[in-house]
Each structure stands twice: as structure tokens, then as C-alpha cells.
Amino acid sequence: MKLHEHQAKEILAKYGLPVPEGRVAFSLKEAVEVAEELGEFPLVVKAQVHCGGRGKAGGVKIVKDMEELKEAVEGLLGTVLKTFQCPEGKPVNRVWIEKATAIDKEYYLGITLDRSSEKHVLIASASGGMEIEEVAKEDPTAIITEVIDPVVGLMPYQLRRVAFNIGLPVKEFVNIGMKLYRIYEELDASLVEINPLVTDKNGGIVLLDAKIDVDDNALFRHKDMEEIEDKSQLDPLEVEANKYGLNYIKLKGNVGCMVNGAGLAMTTMDIIKLAGGEPANFLDVGGGANVEQISNAFRILTADKDVKAVFVNIFGGILRCDRLAQGLIEAVRNVKADIPIVVRMEGTNVEEGKRMLKESGLNFVSADDMWDGAKKVVELAGRYE
């Protein structure tokens, strides 16, 4: 789950970290009130979207007076902001307004999970304010990484070493780093990123921008976080799938995938690409899916206008094949889908399931195995483009 910048900064402020004073506004009226509360210009108006690259896309504006503020807010609220990271765009329904900071130098600081080392890592760089991926690509030596021992946690000596290497005030940086790690642990975060972290003209450190992602699997421990999630930033089909306990992620292809089990889902997407196609989604109905879940899953799949054919790839263990067939038949009749559906199923009651699909009179194409199914669905999807 991603937090907006204003939500992340509110958390940072609670932990005593130095962030610019600011407020969130959902309307022009609120924005004017915030500006009056802050009491001075220049101010910075920032679109609140779950997209990187806002500045280059016009989502961050420095304003020198109330007229410029009104113009900036009106130009952002209610629009869809498109960035290089989100070419499809995200709706802007709130803005963060903060006091401008006199920036001296920009740095990068983040804590995340490194899956290769299976440990959390602190990443820092003296080259902040830009895409850290580009910095790492162009000059790997500019990236400093400290692996965090899961038993003892982030240690002050590691932060002192980073501070010396990138040229930041040691005592202040250590204090900031330890608090950020505390936030990372206490929120069950998968990412806490400050980009840029800056020094101001007075030599102080300011956390100028902030991004916090909370691990979805830990949200049961953070009900307050679930309540503040901005679902307008999510794909509507992902929101709908979540209501029914379905794991769904939208992708860019034209072959819809319905499977049971994350490992099988990954394999299915791989074999579709091997057959020359592109998966349109990751959709896992789970091992214990019932007829209703299968019906909902199919409805969500076919609601995606990019899907030109569906590959149902199921291993029937807990989810029996006859139950799968019943759910698919009901779903196709309810949705009135006219796209081809390739079904490969194996496992419990497989012959009964195949018989039900064959006798349904609906648009099902049977596959002998995964490779056969992948070739058939890719060919059919191409015909309907």
C-alpha cells in the first residue's frame, strides 16, 4: 500500500523529523485557507499522486503570491497527471502546500528490502533529486549501500560511515537515519524513501520529499493505514478484485490469465510470452476458490477492454475441476462474454469438468497441456485484435 507524500510527511513529523511545514488541501477554498495559515510566500504546491516524476510533468509548482497559488491549484485539482513513470496518468484530487525551502544541496536516502541478500538495506547517495535508478546506471559508485543485520538492526556506526562518505553533518544524519529505520520497522514498510533529502542555506537537513510503502501482508496490524488508502490511485479492477479476495494485477498485454496459485500464475505468464503473446494480467483465484469467486474473477477479467482472449490454467486439488467448470459456465452466461476462452485443467474430477464445458454450448476451447493452451490463446487473441 502506497502513502501519499502528505501522509508520509505527517508520519515523519510525528517522529520528530525535519520536514517543511505544510498542509493538505482538497479544494481551492481549502488551499487558500492553508496558505493563510502558513502565513508567508513563496510556497510550493505539489500534486498528490502515486507517480514519480511529478516535477517534470508540471505537478510541482513554486508560487510567489495568492494569485499564483490559486492558478496552480486550479490547474492541478481535478486533472489527470501523466508522468514518464505513469504514462496513463493518475487523478489529482488533493494537493500538498508547504513552505519553500532554500536548498543548498540535494541527497538521496532510502530503506528497502534487498531480495538478493534477503535483508533490509539502507541506500544513500550524494546525487539526489533525480531518479535513483538512473544514478545507479550511470555511476554505480555514487550509490552507497549498508546491509542491515535483521538481529541487531541498523547501527549508528553504519550511518556515521554513510554521512562521512556523502558529506552530511554526522550527528544530525545519524538521528534522522535511526528514526527512519524505526518508522520502517514499526509500519512494516517495504520502502521508506527520502528524495531529495536536502541541506538548506543554514546548514540544516530537511526531508523535502517522502515516500512510504507499507507491506500489504501486514495491513491487518495497521487498520488505520487501510482507512487512509486513496483508492482513486489504484486500478479500478484491482480494487474490485480485492473485495472478493482475489489477487489481481493489471499488465499491458491482451491475454487474460486465470490461475490458482501464484507460482502457476508466474509460469502461465512466462509460457504466454514464450508463445509470442503478452499477458494482460496476473489473476490468482486461490486454491480454495468457490463458484462465486470464479464468476467474479471472470467478470473482472473481461471488464478489461484490452483482453482479447482468456487462458484458464487450473490445477484442481482443493479447487475441483467440476467446480471450476460450473463457475466458468455461470460466469460466461452472466457476463455474456464473446471472446474465446482456452481452458487447460488437470486434477480432481478433471473428466467431469471437461464434460461440463463441452456440453455447455459456450465458447470454450480445450487445451491438452500448458504449451498447447498458450499457443492456442495467443493465436486467438491475435485474431481478435
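Bear in mind that the values here come from a model prediction, so they are computed numbers and not experimental data.

What counts and how
Residues numbered from 1 in each chain as written. Predicted model: local features only at pLDDT ≥ 70, side-chain atom pairs only at ≥ 80, totals over all residues. Heavy atoms only, no water. Pairing = 2+ DSSP bridges. Helix = DSSP H or I, 4+ residues; strand = E, 2+ residues; numbered from the N terminus. Axes fitted to C-alpha atoms, helices over the stretch in contact; angles between N-to-C directions. Phe/Tyr/Trp six-rings, centres within 6.5 Å; stacked < 30°, edge-to-face > 60°. Buried < 20%, exposed > 50% of the residue type's maximum accessible area, 1.4 Å probe, protein only. Lys NZ or Arg CZ within 6 Å of the ring centre and 35° of its normal. Polar contact = N/O pair within 3.5 Å; in protein donor to acceptor, adjacent residues only side chain to side chain. Contact = heavy atoms within 4.5 Å.

Draft legend 1. Structural view of the sheet that holds strand β6 (residues 95-99). Taking strand neighbours across the sheet as the criterion, the 4 strands line up as β1-β6-β2-β3 in an open arrangement whose pairing is antiparallel. The open sheet has two edge strands with one neighbour each: β1 (22-25) and β3 (60-63). Taking each pair of neighbouring strands and ignoring which way they run, the sheet shows an average axis angle of 20°. Here β1 runs beside β6; their pairing, made up of 4 bridges, is antiparallel.

Draft legend 2. Summary view of the packing of aromatic side chains. Evaluated as defined, the whole model comprises 1 aromatic pair. A centroid spacing of 6.3 Å and a plane angle of 20° characterise the contact between Tyr181 and Tyr184, whose relative ring orientation is stacked. Here Tyr181 pairs with Tyr184, and both are found in helix α6 (residues 170-186), just 3 residues apart, close to one helical turn. One exposure class covers both Tyr181 and Tyr184, and it is buried. Over the ring of Phe84 we find Lys56, and its NZ or CZ is 5.7 Å from the ring centre.

Draft legend 3. Representation of the side chain of Asp230 in the model. Checked against the element boundaries, Asp230 lands in the loop between α7 (223-228) and α8 (236-243). Classification of Asp230 as buried rests on a relative accessible area of 8%. Looking at Asp230, its side chain comes within polar contact range of the side chain of Ser232, at 2.7 Å. Setting aside residues no more than four positions away along its own chain, Asp230 makes contact with His4, Asn93 and Arg94.

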